[in-house]
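Spelled out from the first residue to the last, the chains are:
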Amino acid sequence: MSDHIDPAKLDRLAEIAVRIGVNLQPGQDLVITAPTDAMELVRRITVHAYKAGAGAVVPFFSDDAMILARFENARDESFDYAPGWLYGAMAEAFKGGAARMAIKGDDPMLLAEQDPEKVARLGKATSIAAKPAMDPIVGFEVNWNIVAYPGAGWAKAVYPDLPVEEAQGKLMDAIYDASRLDGDDPVANWEAHTKTLKERVNWLNDQNFAALHYTGPGTDLHLGLADGHIWKGGASPALNGVVCQPNIPTEEVFTCPHAYKVDGTVAATKPLAHQGSVIEDIAVRFEAGRIVEATASKGEDVLKALLKTDDGASRIGEVALVPHSSPISQSGTLFYNTLFDENASCHIALGQCYADTITGGSELSPEELKQKGGNQSIIHVDWMMGSDAVDIDGITKTGERVPVMRGGEWA
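In this text, all values refer to a predicted model and were calculated from it rather than measured experimentally.

(A) Structural detail: the sheet that holds strand S1 (residues 30–35). Spatially, the four strands line up as an open sheet ordered S2-S1-S3-S4, and their pairing is parallel. On the outer flanks of this sheet lie strand S2 (57–62) and strand S4 (144–148), each paired with one strand and no other. Taken over all neighbouring pairs, the strand axes of this sheet differ in orientation by 15° on average, direction set aside. Alignment of S1 against strand S3 (residues 99–104), held across four bridges, turns out to be parallel. Within S3, the residue paired with Thr33 across the bridge is Ala102.

(B) Highlighting the nonpolar core. Leu30, Ile45 and Ile103 are the most contacted members of the largest nonpolar core, which has 65 residues in total. Broken down by element, this core gets its largest block of residues, eight residues, from helix H1 (residues 7–22). In contact with Ile103, other than residues within four places in its own chain, are Ile32, Thr33, Ala34, Pro35, Ala38, Leu41, Val42, Ile45, Val147, Ala148 and Tyr149. With 41 residues, the next largest nonpolar core counts Ile282, Ala296, Ile348 and Met385 among its residues.

(C) A look at the environment of Ala411. Along the chain, Ala411 falls in the segment after strand S20 (409–410). By relative accessible area, which is 65% here, Ala411 ends up exposed. Through-space distance from the C-alpha of Ala411 to that of Ile392 is 9.0 Å; in sequence the pair is 19 residues apart. Apart from residues lying up to four places away in sequence, Ala411 is in contact with Pro403, Val404, Met405 and Arg406.

(D) Representation of the side chain of His48. Here His48 lies in helix H2 (residues 39–51). Residue His48 is classed as buried on the basis of its relative accessible area, which comes to 9%. Dropping the residues within four chain positions of it, His48 is found in contact with Asp11, Ala14, Glu15 and Val18.

(E) Geometry of the packing of aromatic side chains. Counted according to the given criterion, the structure contains five aromatic pairs. Considering the side-chain rings of Phe71 and Phe79, the 5.1 Å spacing of their centres and the 45° angle between planes classify their relative orientation as tilted. Judged by its relative accessible area of 0%, Phe79 falls in the buried class. Each residue in the set Trp154, Phe335 and Phe340 is aromatic and connected to the rest through ring pairs, giving one cluster. The aromatic ring of Tyr176 is capped on one face by Lys9, whose charged end is 5.0 Å from the ring centroid.

Conventions and cut-offs
Residues numbered from 1 in each chain as written. Predicted model: local features only at pLDDT ≥ 70, side-chain atom pairs only at ≥ 80, totals over all residues. Heavy atoms only, no water. Pairing = 2+ DSSP bridges. Helix = DSSP H or I, 4+ residues; strand = E, 2+ residues; numbered from the N terminus. Axes fitted to C-alpha atoms, helices over the stretch in contact; angles between N-to-C directions. Core = buried A, V, L, I, M, F, W, Y, C linked by side-chain atoms within 4.5 Å. Buried < 20%, exposed > 50% of the residue type's maximum accessible area, 1.4 Å probe, protein only. Contact = heavy atoms within 4.5 Å. Phe/Tyr/Trp six-rings, centres within 6.5 Å; stacked < 30°, edge-to-face > 60°. Lys NZ or Arg CZ within 6 Å of the ring centre and 35° of its normal.

Next up, the structure:
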């Protein structure tokens, strides 16, 4: 671990991830996925998990050097394969009641120099293999959480002018601040923040808009909302009854768009880091819910490959509202990490919808979800399209317009 990473801050992050994030229950197993860079955070999470009464803590690690070794040495057929048996084991764990925690800290530029076709093929193979393990997460069947660790490659991407260890220390401070861990009582911080998010959720659910209309530079988008959509945000109960905070940090309220009722143009306001590549200046045009034109100034081939992953990859499964004044936005830092950048800006997600953002959605079949407008895909990729220059109106079922955001702020 870098000498510049404050161990007290790392320990507080671990404690809040266990207590507030996943809200681990006595006797519950915890499955952790993490890069090897994040070993020290995994160890501290393990300590707090056992203090909370964990049954067993089981980590699965990825490693940058091993990932690169595959791209540099593996035979071509390797990029169409992922170990389904591994994700099958995770799925069994979740069916047995285990909680899930993912630690993000990967180098966003790791695969930038690799063949984008191989990157796309491996990404698709992994998404297909991982579906049994991801379905309980997407369906919110178990309590889960995502937190971040300042890995060396990630820190260097965010602060390229600093020595690596110093960059890691600065990124740890930024993670700490964005995760609302300052002060004497971070639990109280999260309770107050959740209350604010719930007030916004309740207002939006009371409005029950039929659609949202976005206007801004390069953006004129009419986005229909799914039938029976539900706005969510902050801590929520999973289907197993455990109230958890899935993302630390989080500033969003989100719901399910109608996969077949999105029309117009939208321009991204931040780069998208995806599978080791950075895609910049995304601009797309929707017709009847599908992206029919897509460009990017950098990484366009990666974007177009992503959109061809499956039938649902060119439609959207989530829409989220975030004020431009969020702490992450005001930090002025581009994190090249969706967990953070999505909480600096309003965003949409290509691919799979969250079933629990439709009334009774967790009990509906995929076909029934589709009939209500919920999208189906093996991917779920958020990208940012909000700023202080974007306005949003809610469109009621009778066609009236209600201001939702003006200049990137709640109206």
